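Analysis of the macromolecular model
The residues making up each chain are set out below.
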Amino acid sequence: MVSPQSFSKQPSEVSFMKASESTSLYFNQAADKLKMAEWMRKLLITPKREVTVQVAFERDNGDIETVLGYRVQHDNARGPMKGGLRYHPAVDLDEVRALASLMTWKTAVTELPYGGAKGGIAIDPKTLSKKELERLTRCFVDQIHEIVGPDTDIPAPDMGTNHEVMSWFRNQWEKYHGFNPAVITGKPVEEYGAKGREEATGRGVGILAVKLLKRINVRPDQCRTAIQGFGNVGSHAAKFLFESAFPVIAVSDLSGAYYNPKGLNINELWSYSLKNGNRLDGFEGAERLPAEALLEMDVDLLIPAALGDVITKHNADKIRAKTIIEAANGPVDPEADAILSNKKILILPDILANAGGVTVSYFEWVQNRQHYRWTLDRVRQELEKTLSDAFENVWQQSAIHDVSLRTAAFMLAISRVQRATELAGGAV
Ligand code: NAD
């Protein structure tokens, strides 16, 4: 058990590499293994288009507030670009650029027929009323509607946005271009959304955890698991793992870490969180520790499912988990990645681990284009098949080249994008 005194520094106290530097570093490690020419690296890493727009919207008191909105379209060699829309005060062009390229590698490693993009607005949505959030979204669409569309760039929810924001986005875009729900995914189920989209990322994490454990010969009931974050991804991952007999001994959210060495009853935490505004604050069915304690617990499987850059050189040597599944985007920075590799900690990288969401977004887009609805069972089966195939490919690539799962995933992804670029002809 960790003592409160031993906690490492938290993300806000330490300095980080810029997000795009981390992504480029992982890209180059894989490109080195592939002996990729410098000119091809530059072609693949450089975004196709970066757009910064003014978003000026009316507050409820009549004031006009002006913020910046971004859309980065990284690559479309393998298909229309795909990527979420983030509303968060820390959003800037560098972060959006890094996340856009991660989407290119994520869609390539899972073999979805897409490229990568990302967007965001530098604002805290919690400070806005619902009407203000709607006006903000509609103003943003007014600025970028010409560069997004079902065959060019398809947004989706990300931090700070949800199915309602997707509905407003679609409605505003259709005012310019006519009916076409495939312009955006993550819509409400009754408004052309897909069944199973909400659970998809967390469920995907669970599916991949089962596959990974099988490969390393660990039984689920022997895999003590800790999950950082009990939001969309963390809570669905926890539910899937609990139902698959994993002892989930700790989960955390902003209010703290909740710990039971014999395993938590995730159904109780679910009901509590639902009734309590999606927060675990006040839950009494477990020992409560500071949130930071969770990362350093002695567990078999650690699932960071909250934020980026939570494991850095400042705390990597204190991580005791044997296996890490990166449910959040970029939870382990490159310096920590090297330290954890030396400690022989097995890491399933984000570009595969959290690809369940974009996979079901793809299913939503397919259904919209065919005007046909799938059952939840079909969505779940196809999700399992897509992720299982991707996992096996990455595992084999890692064994063949004797590289980490991260480098293997990047090697597969960037070689597919390279191949599509070459087949298109213009670049070579
Ligand atoms: P969310 O906002 O629903 O949940 C985030 C959770 O993390 C909340 O429970 C919050 O309390 C908790 N949290 C925040 N700071 C914390 C801290 N310091 N310690 C412990 N817990 C903390 O977000 P989400 O949709 O679940 O996304 C989580 C991560 O997964 C993000 O990195 C996101 O980019 C990534 N991701 C999400 C999806 C998706 O479909 N939602 C898809 C791919 C990647």
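Residues numbered from 1 in each chain as written. Predicted model: local features only at pLDDT ≥ 70, side-chain atom pairs only at ≥ 80, totals over all residues. Heavy atoms only, no water.

With that settled, the discussion passes to the site of the ligand. In the vicinity of the ligand, 20 residues are found, and the nearest of them are Arg 86, Thr 201, Asn 232, Val 233 and Leu 254. Between the ligand and Thr 201, the relevant distance is 2.7 Å, taken from an oxygen atom to a side-chain nitrogen or oxygen of the residue. Between an oxygen atom of the ligand and a main-chain N or O atom of Asn 232, the distance comes to 3.0 Å. Isolated, the ligand exposes 820 Å² of accessible area, and the fraction of that covered by the protein chains is 79%. Contributions of two or more residues to the shell around the ligand are made by helix H6 (197-215), helix H7 (232-243) and strand E7 (248-253). Among the residues forming the shell around the ligand, the class breakdown is eight nonpolar, eight polar and four charged. (Near = heavy atom within 4 Å. Polar contact = N/O pair within 3.5 Å; in protein donor to acceptor, adjacent residues only side chain to side chain. Areas by Shrake-Rupley, 256 points an atom, 1.4 Å probe, with all protein chains shown as cover. Helix = DSSP H or I, 4+ residues; strand = E, 2+ residues; numbered from the N terminus. Nonpolar A, V, L, I, M, F, W, Y, C, P; charged D, E, K, R; others polar.)

With 77 residues, the main nonpolar core has Trp 105, Val 251, Ile 266, Ile 303, Ile 325 and Leu 348 as its most contacted residues. Per-element tally for this core: the top contributor is helix H13 (residues 405-424), with nine residues. Three or more residues apiece are contributed to this core by two domains, here domain 1 (1-46 + 196-428) and domain 2 (47-191). With residues up to four places along the chain from it excluded, the contact list for Ile 266 reads Phe 230, Ala 238, Lys 239, Phe 242, Val 248 and Val 251. Counting 25 residues, the second-largest nonpolar core is a separate cluster that includes Leu 85, Leu 128, Cys 139 and Ile 144. (Core = buried A, V, L, I, M, F, W, Y, C linked by side-chain atoms within 4.5 Å. Buried < 20%, exposed > 50% of the residue type's maximum accessible area, 1.4 Å probe, protein only. Domains from an automatic or database assignment. Contact = heavy atoms within 4.5 Å.)

On to the pattern of salt bridges, then. By the definition in use, this model includes 34 salt bridges. The shortest N-O distance in the salt bridge between Arg 97 and Glu 50 comes to 2.6 Å. One end of the pair, Arg 97, is in helix H3 (residues 93-109); the other, Glu 50, is in strand E1 (residues 49-58), with 47 residues separating them in the sequence. Owing to a relative accessible area of 26%, Arg 97 belongs among the partly exposed residues under this scheme. (Salt bridge = Lys/Arg side-chain N within 4 Å of Asp/Glu carboxyl O.)

What follows concerns the sheet that holds strand E5 (residues 153-157). Pairing is mixed in the open sheet, where five strands are placed in the order E1-E2-E4-E3-E5. Edge positions in the open sheet fall to E1 and E5, since each of these has one partner strand only. Taking each pair of neighbouring strands and ignoring which way they run, the sheet shows an average axis angle of 20°. Packing of H3 onto the sheet brings it into contact with E1, strand E2 (64-75), strand E3 (81-87) and strand E4 (115-121), and relative to E4 it is tilted by some 150°. (Pairing = 2+ DSSP bridges. Axes fitted to C-alpha atoms, helices over the stretch in contact; angles between N-to-C directions.)

Below, the discussion takes up the domain arrangement of the protein chain. Often, the extent of an interface is quoted as the loss of accessible area upon association of its parts. Assigned domains within the protein chain: domain 1 (1-46 + 196-428) and domain 2 (47-191). Taken over C-alpha atoms, the centre of domain 1 sits 23 Å from the centre of domain 2. With 39 residues of domain 1 at the interface, the matching set in domain 2 holds 41 residues. Looking only at domain 1, the three residues that lose the most surface to domain 2 are Val 358, Trp 365 and Arg 416, adding up to 18% of its buried area. Put simply, domain 1 and domain 2 have three salt bridges between them. One salt bridge connects Arg 416 with Glu 111, and the closest N-O pair in it is separated by 3.8 Å. Mapped onto the side of domain 1 that touches domain 2, the elements with two or more residues apiece are helix H1 (19-33), helix H2 (38-45), helix H10 (350-353), helix H11 (356-370), helix H12 (376-401) and H13. Of all the elements, H13 adds the most residues to the side of domain 1 that touches domain 2, at nine residues. Tallied by class, the residues present in the side of domain 1 that touches domain 2 amount to 20 nonpolar, twelve polar and seven charged. (Buried area = accessible area lost by both parts, 1.4 Å probe.)

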